[in-house]
Amino acid sequence: MCIRGSPKTQGNTFVHCVLFFFFQAEDGIRDFCLSRGLGDVYKRQVHGEKEMNKKFERENKEDFEVQAVQINDMRGELDQLNKVQRKEMEVANKESNISMIKEKIDRERQARAQEQQFNRTHIQHILKNDFYTENPETCIAQTGKHRVVKYHWKGMNQDEKKEILMEQERQRQELSLIHIS
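The numbering scheme is per chain: residues are counted from 1 as the chain's sequence reads. Note on the predicted model: pLDDT of at least 70 is required for a residue's local features to be given, and 80 or more for side-chain atom pairs to be given and counted; whole-chain, interface and lining totals, by contrast, use all residues. Only heavy atoms go into the side-chain values, all of them from the structure, while hydrogens and water stay out.

Undergrad: Even after reading the chapter, I still don't get the overall build of the chain, so can you show me in this structure?
TA: A run of DSSP states H or I qualifies as a helix once it reaches four residues; a run of E qualifies as a strand once it reaches two. Both are numbered from the N-terminal end. For the chain, the count of helices and strands is 2 helices and 2 strands. The order of α-helices and β-strands along the chain, N terminus first, is β-β-α-α. Each of the 181 residues in the chain was classed as buried or not, and the buried ones make up 5%. Considering only contacts in the chain between residues 6 or more positions apart, those separated by 24 or more positions represent 23%. Only the protein chains shown count as covering a residue, and every accessible area follows the Shrake-Rupley method with a 1.4 Å probe. Accessible surface computed for the chain: about 17,100 Å², of which carbon and sulfur atoms make up 57%. Residue burial is assigned from relative accessible area. The probe radius is 1.4 Å, only protein chains are included, and a residue is buried under 20% of its type maximum, exposed over 50%, and partly exposed in between. Any pair of residues with heavy atoms lying within 4.5 Å of one another is described as a contacting pair.

Undergrad: Explain the pattern of salt bridges here, please?
TA: We count a salt bridge whenever a side-chain nitrogen from Lys or Arg sits within 4 Å of a carboxyl oxygen from Asp or Glu. Counting across every chain of the model gives 4 salt bridges. For Arg109, the salt bridge is made with Asp106, and the minimal N-O distance between the two is 3.6 Å. Of this pair, Arg109 and Asp106 both sit in helix H1 (residues 39-128), 3 residues apart, roughly one helical turn. Taking relative accessible area as the criterion, Arg109 reaches 47% and is therefore assigned partly exposed. The partner of Glu169 in a salt bridge is Arg172, with the nearest N and O atoms 2.9 Å apart. Note that Glu169 and Arg172 are positioned in helix H2 (residues 158-180) at a spacing of 3 residues, about one turn of the helix. With relative accessibility at 47%, the residue Arg172 sits in the partly exposed group. A single salt-bridge network, built from bridges that share partners, covers Glu167, Arg170 and Glu174.

Undergrad: Explanation requested: a positive patch on the surface in the structure shown.
TA: Patches were defined on residues exceeding 30% relative accessible area and lacking a salt bridge, with like-charge contacts within 9 Å and nonpolar side-chain contacts (Val, Leu, Ile, Met, Phe, Trp, Tyr) within 5 Å. Think of it this way: Lys and Arg go in the positive column, Asp and Glu in the negative one, and His and the chain ends go nowhere. By convention, charge coordinates are those of NZ in Lys, CZ in Arg, CG in Asp, or CD in Glu. Taken together, Lys50, Lys54, Lys55 and Arg58 make up a surface patch of like positive charges. Mapped onto the secondary structure, Lys54 falls in helix H1. Since its relative accessible area comes to 53%, Lys54 is described here as exposed.

Undergrad: How should I be thinking about the confidence of the model for the chain in this particular structure?
TA: Detailed conclusions should not be drawn from predicted coordinates in areas where pLDDT is low. For every residue, the predictor states its confidence as a pLDDT score lying anywhere from 0 to 100. Averaged over every residue, the pLDDT of the chain is 79; residues scoring 70 or more account for 71%. The secondary structure element of the chain with the lowest average pLDDT is strand E1 (residues 2-4), at 47, and the one with the highest is H2, at 90.

Structure (structure tokens):
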């Protein structure tokens with residue numbers, strides 16, 4: 001009697017065999033006949049075991065072949081599925097790379113546009129602002145008109161030059177009066 005595992009299970013199928021041996025003994029007590037001896041009984045038993053083993057091996061071989069076919073079919077299906085998934089991944093990867101390249105190009109384009117806009121604004125500021133011109137009024141400090149911004153000194157305006165010349169002339173007149181007296 002053989003019990004096999006479920007054919008739907010994956011992997012190895014376990015086969016459990018239980019063998020029952022029935023011995024026929026001829027002791028010659030019941031009736032008088034020439035005893036054949038136990039040799040024939042053992043020969044029949046060995047022959048029966050060999051046939052049972054052959055049958056068992058045939059069944060195992062058939063089961064193995066069926067399982068091998070099933071495994072090969074499953075392997076083929078999995079290979080096909082794997083190929084399809086690889087192709088899908090390659091397509092998705094290409095699409096992702098293309099979108100990343102487009103995003104990079106857009107970022108670079110925006111950065112160039114921002115830099116150009118900044119440069120235009122800076123140039124306009126320089127052209128319209130008195131700080132970069134030769135206007136001496138930009139040198140006057142906010143704390144007082146008599147103070148100047150040292151790092152931005154552009155020179156004196158015409159009124160300041162006249163004042164200095166007048167002050168020098170006044171000082172000369174004072175010196176000449178002091179020397180005369």
